[in-house]
Amino acid sequence: MSKLGQVVESVEKYNNFVLDQVKRARTDEKFGRELLGRWNDVKAKIPVTRTPTGLPLPRLALPEINEPGEIARYLFGEGLPGEFPYLNAAYREMYLEPVREIESFEKKSGKIDRKIPQAEEPTRLFSGLMLAEDTNERFHYLTRHQRTHRLSTAFDGPTLYGIDSDADGVFGKIGEGGVAIDTVEDMVRLYDGFDLGSLNFSASMTISGPAPIIMAMYIAAAKRRFGPKVAPKLRGTIQADIFKEVQAQNETIFPIEPSLRFLTDMVEFTTREMPRWYPISISGYHIGEAGSTPVQQAAYTLSNGFAYAEMFAARGISVDQFGSRLSFFLDCGLDAEYIALARVSRRIWAIGMRDVFCAGPKAQLFKLHTQTSGRSLIAAEFKNNLTRTAAELVLAYMNATNSCHSNSADEPFTTPSEEWIRLAAHGQAILLEESGIFKHTMNMLSGSPGMKAVERAVETAILDEFREIERLGGVLAAVEERYQRSQIQNAAHRYEQQIYDGTRPIIGLNRYRDGDDEIPDVKLARTPRSKQQLQIDRLAKFKKKNAEKAKRALDKLAEVVERGENFFPTLLEAVEVCSLGQITGRLQEVVGRFRPMV
């Protein structure tokens, strides 16, 4: 039985354990009294805060129960926020304003004479357009009103495939749909003006195939600006998820096995040298965008995560080292499953990591970034996308996501404009800061009968998917059989068919349409030819300046790979003098090219 099969058994075993604890609490008087005492102690210690209107609210909402069996079901089956199995939240408090003392608040007639320190915002802002300096300008615009700078970067097509901007047939794609990055000098420009080593800064890079090369460029760029000792201070994540690429996207540049080897080399280096960095974001978002059902998205993401854990452990990396450095990425659409999808994923991950991989508490945490669904955005009457995204944000925060990105309403047409991206960011600010839904009380919307019903159904369905992957021989064997890919394609076809026949209502498209088919006047973001030529000219200058050094660096890199050593330290040297395309091309000479699965 593979590790994934063991995870299925561990979840089922844990569910039976919870039932046993419920029975024990009802038959063992001493145990029942202990649980009731703990429950009452927890409730007594919950701080009370007041809303701006003066209403007193507990900082943590708990169900109104005093029967030992139901207390056992809650404590063991769900856990308090920040406690195993983390169904309610990975951390004790999330999104809450700092505590305001009621007595002080009342004495000052509701006035506060000092500024209350604020926690880090969960909002992560996403951008990537034209050249590095253009994206940098957008980053500074987006972070103008943020206390903490949490930036996520989109790369253009050539960069995603490890191709230089001067490659044949690439010119028109330079800077389209993301930022063009060819060299370490581009990376310096990309984050210019941001303190990369600050506690208040984190970078996320949405790239997988050439992720180790881009990661090495980021480290090298940080060292150029802040010195050689900055690497341990760098904070953020890079996507680097090869499994989801071959399952859903095909943005892979090396065969699967070398890709996984290069990824593991990077993980081994960063877990040792960069304690604040998450070297892989295990991504269901792109699986969802490719057409999967919500359950498939969660099941494939979780199973991929367990496969990576098995792979890293086999390299000899401590599970408590790499486990605490794993992060996850799911989308959030409007299907009912999203009411509890992330909550259930958090619980399954915690049980599997603890009981199968023997991980400690920090490595049990399913630390999640959520993005509202791009697939749900519709060109027809596109302003309705504001409402869709707002509803998805509520669902994401109901699931206690650790960070969140909200899509812009104009994305069906173009890279978001400043107007629409500002509205998307304000959607989160309104929800978290202006409204009182999340900032006063943890568990404000958790635990309804409907949510519990969805949790049970989703967990059962995810475990069924695990069983099928296990039957096929595990994640890698299932990938080779094209199982995940075929299931995603089938679900995507069913989704489109439901829209076509009206069983899936899409407001403004197949229901309540006003008959106006005119294309809205939306300004398209395009990269001027002059900027595309500038990128090529810069690249030519870089290559000419470093021609001799690049040859030696590429030879050394190829030798290290051929010897089977960890290539990442040598890659850090190579990116100083070699372009992305030069490194990719030389590595492909050694390990081959990925052949897309169709």
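Residues numbered from 1 in each chain as written. Predicted model: local features only at pLDDT ≥ 70, side-chain atom pairs only at ≥ 80, totals over all residues. Heavy atoms only, no water.

Caption draft 1: Just the overall build of the protein chain, in detail. The helix and strand tally for the protein chain stands at 23 helices and 11 strands. Along the first, second and third principal axes, the C-alpha set of the protein chain runs to 80 × 55 × 55 Å. Here the protein chain holds 598 residues, and the buried ones make up 57% of them. Partitioning the intrachain contacts of the protein chain with sequence separation of at least 6 by distance along the chain shows that 78% fall at a separation of at least 24. Looking at the protein chain as shown, the accessible area adds up to about 25500 Å², and 52% of this sits on carbon and sulfur atoms. Side chains of the protein chain give 77 positive and 79 negative charges; the mean places of these two sets differ by 5 Å. (Helix = DSSP H or I, 4+ residues; strand = E, 2+ residues; numbered from the N terminus. Buried < 20%, exposed > 50% of the residue type's maximum accessible area, 1.4 Å probe, protein only. Contact = heavy atoms within 4.5 Å. Areas by Shrake-Rupley, 256 points an atom, 1.4 Å probe, with all protein chains shown as cover. Lys, Arg positive; Asp, Glu negative; His and termini not counted. Charge placed at Lys NZ, Arg CZ, Asp CG, Glu CD.)

Caption draft 2: How the structure looks around the environment of E548. Locating E548 in the fold gives a position in helix α21 (residues 547-563). Note on E548: relative accessible area 56%, which makes it exposed. Along the primary structure E548 and E78 are separated by 470 residues, whereas in three dimensions their C-alpha atoms are 60 Å apart.

Caption draft 3: Spatial organisation of the layout of surface pockets. Estimated volume of the second largest pocket: approximately 790 Å³. Lining the second largest pocket are 29 residues, and of these R73, E78, K452, E455 and R456 lie nearest its centre. For the lining of the second largest pocket, the leading source of residues is helix α17 (residues 449-471), giving seven residues. When the residues that make up the lining of the second largest pocket are grouped by side-chain class, the tally is 10 nonpolar, eight polar and 11 charged. (1 Å grid on protein atoms, 1.4 Å probe; cavity = no way out; pocket = protein on both sides within 12 Å on 5 of 7 lines; lining within 4 Å. Points joined across faces, edges and corners; volume = space filled by probe spheres on them. Nonpolar A, V, L, I, M, F, W, Y, C, P; charged D, E, K, R; others polar.)

Caption draft 4: Seen up close, the side chain of T206. With respect to the element layout, T206 can be found in strand β5 (residues 201-206). When near neighbours in sequence (up to four residues on either side) are disregarded, T206 contacts F126, S152, T153, F155, L160, Q239 and H286.

Caption draft 5: Spotlight on the sheet that holds strand β6 (residues 236-238). The sheet built from five strands is open, its strands ordered β3-β4-β5-β6-β7 with parallel pairing. On the outer flanks of this sheet lie β3 (125-127) and β7 (277-278), each paired with one strand and no other. Contacts from helix α5 (residues 132-142) reach β3 and β4 (149-154) within the one sheet, and its direction differs from that of β3 by about 160 degrees. (Pairing = 2+ DSSP bridges. Axes fitted to C-alpha atoms, helices over the stretch in contact; angles between N-to-C directions.)

Caption draft 6: Representation of empty space enclosed by the protein. In the structure shown here, the tally under the stated rule is six cavities of 30 Å³ or more. Of the pockets and cavities examined, the largest cavity occupies roughly 110 Å³. Every residue lining the largest cavity is counted, 13 residues in all, and those nearest its centre are Y397, F438, M442, N443 and M444. For the lining of the largest cavity, the residue count by class is nine nonpolar, four polar and no charged.

Caption draft 7: Expanded view of the packing of helix α2 (residues 29-44) against helix α3 (residues 68-77). Between α2 and α3, the least distance of the axes is 9 Å, while the angle of their chain directions is 65 degrees. Along this stretch, α2 crosses α3, giving a crossing that reads as left-handed. Across from F31, G32, L35, L36, R38 and W39 in α2, the residues of α3 making contact are P68, I71, A72, Y74, L75 and F76. Residue classes in the contact of α2 with α3 are distributed as 10 nonpolar, one polar and one charged. (Left-handed = near helix turned anticlockwise from the far one by under 90°.)

Caption draft 8: Focus on the sheet that holds strand β10 (residues 368-372). Taken in spatial order, the four strands of this open sheet run β8-β9-β10-β11, and their pairing is parallel. On the outer flanks of this sheet lie β8 (280-283) and β11 (403-405), each paired with one strand and no other. Mean inter-strand twist for the sheet, computed between neighbouring axes without regard to direction, equals 25 degrees. Here β10 pairs with β11 via three bridges, running parallel. Bridging across to β11, H369 finds its partner in S403.

Caption draft 9: Structural context of the packing of aromatic side chains. Within the structure shown, the criterion is met by 29 aromatic pairs. Positioned over the ring face of F31 is R24, at 3.8 Å from the centre of the ring. Here the guanidinium or amino end of R375 rests over the ring plane of Y495, the centre of that ring lying 3.9 Å away. (Phe/Tyr/Trp six-rings, centres within 6.5 Å; stacked < 30°, edge-to-face > 60°. Lys NZ or Arg CZ within 6 Å of the ring centre and 35° of its normal.)

Caption draft 10: Broad picture of the packing of helix α1 (residues 3-27) against helix α14 (residues 341-355). Here α1 crosses α14 at 105 degrees, and the two axes come no closer than 9 Å. Our classification of the angle between α1 and α14 gives roughly perpendicular. When α1 is examined against α14, the residues V7, S10, V11, Y14, N15 and V18 are found in contact with a partner set consisting of R347, I348, I351, G352, R354 and D355. Here the residues of the contact of α1 with α14 sort into six nonpolar, three polar and three charged. (Parallel < 35°, antiparallel > 145°, perpendicular 65-115°, else oblique.)

Caption draft 11: How the structure looks around the nonpolar core. Counting 156 residues, the largest nonpolar core has Y218 and F466 as its most contacted members. A total of 11 residues in this core trace back to one element, the largest contributor, which is helix α8 (residues 211-226). Ignoring anything within four residues of it in the chain, the contact list for Y218 reads M187, Y191, L196, F201, A203, M205, L234 and W277. (Core = buried A, V, L, I, M, F, W, Y, C linked by side-chain atoms within 4.5 Å.)

Caption draft 12: Representation of the pairing of β4. Counting buried positions along β4 gives five out of six residues, so the element sits mostly inside the fold. As paired elements, β3 and β4 share three bridges and run parallel to each other. The residue bridging S127 from the neighbouring strand is T153, located in β4. With six bridges joining them, β4 and β5 adopt parallel strand pairing. For S152, the partnering residue across the bridge sits in β5 and is S204.

Caption draft 13: Structural context of the state of the cysteines. With the rule as written, the count across this model stands at zero disulfides. C332 forms no disulfide, and the closest cysteine sulfur to it belongs to C404, at a distance of 7.6 Å. (Disulfide = S-S within 2.5 Å.)

Caption draft 14: Structural context of the pairing of β5. Counting buried positions along β5 yields six of six residues, so the element is predominantly enclosed. Covered by surrounding structure in β5 are F201, A203 and M205 together with S202, S204 and T206, the residues of both alternating faces.

Caption draft 15: Representation of the side chain of S259 in the model. Note that S259 resides in helix α10 (residues 256-273). A relative accessible area of 4% places S259 in the buried class.

Caption draft 16: Expanded view of helix α12 (residues 294-315). Over its 22 residues, α12 extends 32 Å from the first C-alpha to the last, a length consistent with the 32 Å expected when each residue adds 1.5 Å. One or two residues past the end of α12 sits G316, with phi positive at roughly 100 degrees. (Expected span 1.5 Å × (residues − 1).)

Caption draft 17: Structural context of the confidence of the model for the protein chain. In the predicted model, the protein chain carries a mean pLDDT of 91, and 96% of its residues have values of at least 70. Ranking the elements of the protein chain by mean pLDDT puts helix α4 (residues 102-107) last with 43 and α14 first with 98. This stretch, residues 102-107, has a pLDDT under 50; its non-local contacts, to residues over four places away or in other chains, come to nine contacts. Between residues 112-116, whose pLDDT stays under 50, and residues either more than four places distant or in other chains, the model counts five contacts. (pLDDT = per-residue confidence, 0-100.)

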